[in-house]
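Read off the chains here:
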Amino acid sequence: MNPQLVMAAGDPGSTDIWAVANSPVLWICALGVFAVIFVQCFLYSRAAKKAAPHVDMPINEVKESFRAGAVASIGPSLAVVLVAIALLALFGTPAVLVRIGLIGSAAAETASASIAAGTMGAQLGGDSYTQQVFGVAFMAMSLSGAMWMICTLIMTPLLKKGGSTLAKRNPAVMALIPAAALLGAFSALTIAELPKSNVHLILVGISAAAMGLCLYLAKVLELKWLKEWALGISIVISIVAAYFLHTA
């Protein structure tokens, strides 16, 4: 091991943040986060298979839903990967893996890190970006992400209890609420992009057209796989279109 790296590690005033950003402790934390994720996936998958017979759901439909969910996640995951690549130069691999593996928002956490660095008179990635600033910024990101998890742990049981009560009193309303919530959330995100620029407006139209075309072809040609891949295809088309629009 390079002696200079050993000496630089733990030096608050050093600008060699990689000595800290790639420390074994952070790698252990990152591996621990993904180990928990894999265990959760296994437990949830097993629970879904056990619960399927009680709701008259054939095992082939369970497998189909797993496949559809996996395929649909490819598109949104591309955005996460692109953000992760952009953050690698600022926080290093272990810290980025820890953050993208947990509930949270990359934009919100990056803003938290930037504000934390600003309170110390520094700038992320600048000449004043020392190990001490990195530690404070990473802690700010972690606390920001932790609040998402704590709110989820507290609110999920409460919402589940309210949902069960509402389902008993009015099943029709409970069937509409999840769809309305998803429609409202994604509509709000889409509307927020429209005023930013003409490019954003065009990209929203391109992504909507691509999604609609995929769903139309899937229905007309009876291609069930195309319906599963529609989200991923529309996102990839939008990313390619965004590249050409920005470089035109």
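The structure this text deals with has already been given above.
Quantities reported herein were computed from a predicted structural model and do not represent experimental measurements. Here, residues in each chain are numbered from 1, in the same order as that chain's written sequence. For this predicted model, a pLDDT threshold of at least 70 governs which residues receive local features, and a threshold of 80 or more governs which side-chain atom pairs are given and counted, while totals over whole chains, interfaces and linings are taken from all residues. Heavy atoms from the whole structure form the basis of all side-chain values; hydrogens and water molecules are not counted.

Participant: I keep staring at the environment of Ser-77 and nothing clicks. Help me out?
Facilitator: Locating Ser-77 in the fold gives a position in helix α5 (residues 74-100). Each C-alpha atom, one on Ser-77 and one on Gly-232, is 9.1 Å from the other, the two residues being 155 residues apart in sequence. Counting from the N terminus, the helices are DSSP H or I runs at least four residues long and the strands are E runs at least two residues long.

Participant: Would you explain the side chain of Ser-234 in this entry?
Facilitator: Here Ser-234 shows up in helix α10 (residues 224-247). In what follows, residue pairs with any heavy atoms lying within 4.5 Å of each other are defined as contacts. Not counting the four nearest positions on each side in its chain, Ser-234 is found in contact with Ser-207, Ala-210 and Met-211.

Participant: How should unusual backbone geometry be read in this particular structure?
Facilitator: Note on backbone geometry: most residues besides glycine have negative phi, and most peptide bonds are trans. With a phi close to 55 degrees, Glu-222 is a non-glycine residue in the positive phi region. Relative to the elements of secondary structure, Glu-222 occurs in the loop between α9 (198-220) and α10.

Participant: Mind showing me how you'd approach the packing of aromatic side chains here?
Facilitator: To describe a pair of aromatic rings, one takes the distance between the centres and the angle between the planes. Pairing of aromatic rings covers Phe, Tyr and Trp, the last counted by its six-membered ring, and requires centre-to-centre distances within 6.5 Å; plane angles under 30 degrees mean stacked, over 60 mean edge-to-face, and any other angle means tilted. In the structure shown here, the tally under the stated rule is two aromatic pairs. An angle of 5 degrees between the planes, with centres 6.0 Å apart, marks the rings of Phe-134 and Phe-138 as stacked. Here the residue Phe-134 and the residue Phe-138 both occupy positions in helix α7 (residues 131-169), the gap between them amounting to four residues, near one helical turn. Ring centres of Tyr-243 and Phe-244 lie 5.4 Å apart, and the angle between their planes is 75 degrees; this geometry places the pair in the edge-to-face category. A relative accessible area of 54% places Tyr-243 in the exposed class. According to the relative accessible area criterion, Phe-244 is exposed, its value standing at 55%. Only protein chains enter the accessibility calculation, which uses a 1.4 Å probe; a residue whose area is less than 20% of its type maximum is buried, one above 50% is exposed, and one in between is partly exposed.

Participant: Just checking my understanding: could you explain the side chain of Ser-238 for this structure?
Facilitator: Inspection of the secondary structure assignment puts Ser-238 in helix α10. In this structure, Ser-238 is in contact with Leu-203 and Ser-207, ignoring residues within four places of it in sequence.

Participant: What exactly am I supposed to notice about the environment of Thr-247 here?
Facilitator: Along the chain, Thr-247 falls in helix α10. Polar contacts, as counted here, are pairs of nitrogen or oxygen atoms within 3.5 Å of one another; within protein the pair requires one atom able to donate a hydrogen and one able to accept it, and residues that are adjacent in sequence qualify only if both atoms are side-chain atoms. A distance of 3.4 Å separates the side chain of Thr-247 from the backbone oxygen of Phe-244, its partner in a polar contact.

Participant: Whenever I open this one, α9 confuses me. Can you help?
Facilitator: Since the α-helix advances by 3.6 residues per turn, residues separated by three or four positions end up pointing in the same direction. Across its 23 residues, α9 extends 33 Å between first and last C-alpha, which sits within 8% of the 33 Å expected from 1.5 Å per residue. Where α9 ends, the next residue or the one after it, Glu-222, has phi of about 55 degrees, a positive value. To estimate the expected span of a helix, subtract one from its residue number and multiply by 1.5 Å.

Participant: Would you mind showing me how to read the nonpolar core here?
Facilitator: Most often, soluble globular proteins keep nonpolar side chains buried together rather than apart. Buried Ala, Val, Leu, Ile, Met, Phe, Trp, Tyr and Cys residues form a nonpolar core when they are joined through side-chain atoms within 4.5 Å. If you look at the biggest cluster of nonpolar residues, it comprises 19 residues, and the most contacted ones within it are Phe-91, Ala-113, Leu-124, Tyr-129 and Phe-134. Secondary-structure elements contributing two or more residues to this core are α5, α6 (106-119) and α7. Looking at which element gives the most residues to this core, the answer is α5, with six residues. Not counting residues within four places of it along the chain, the set of residues in contact with Phe-134 comprises Ile-17, Val-20, Ala-21, Leu-26, Leu-90, Phe-91 and Tyr-129.

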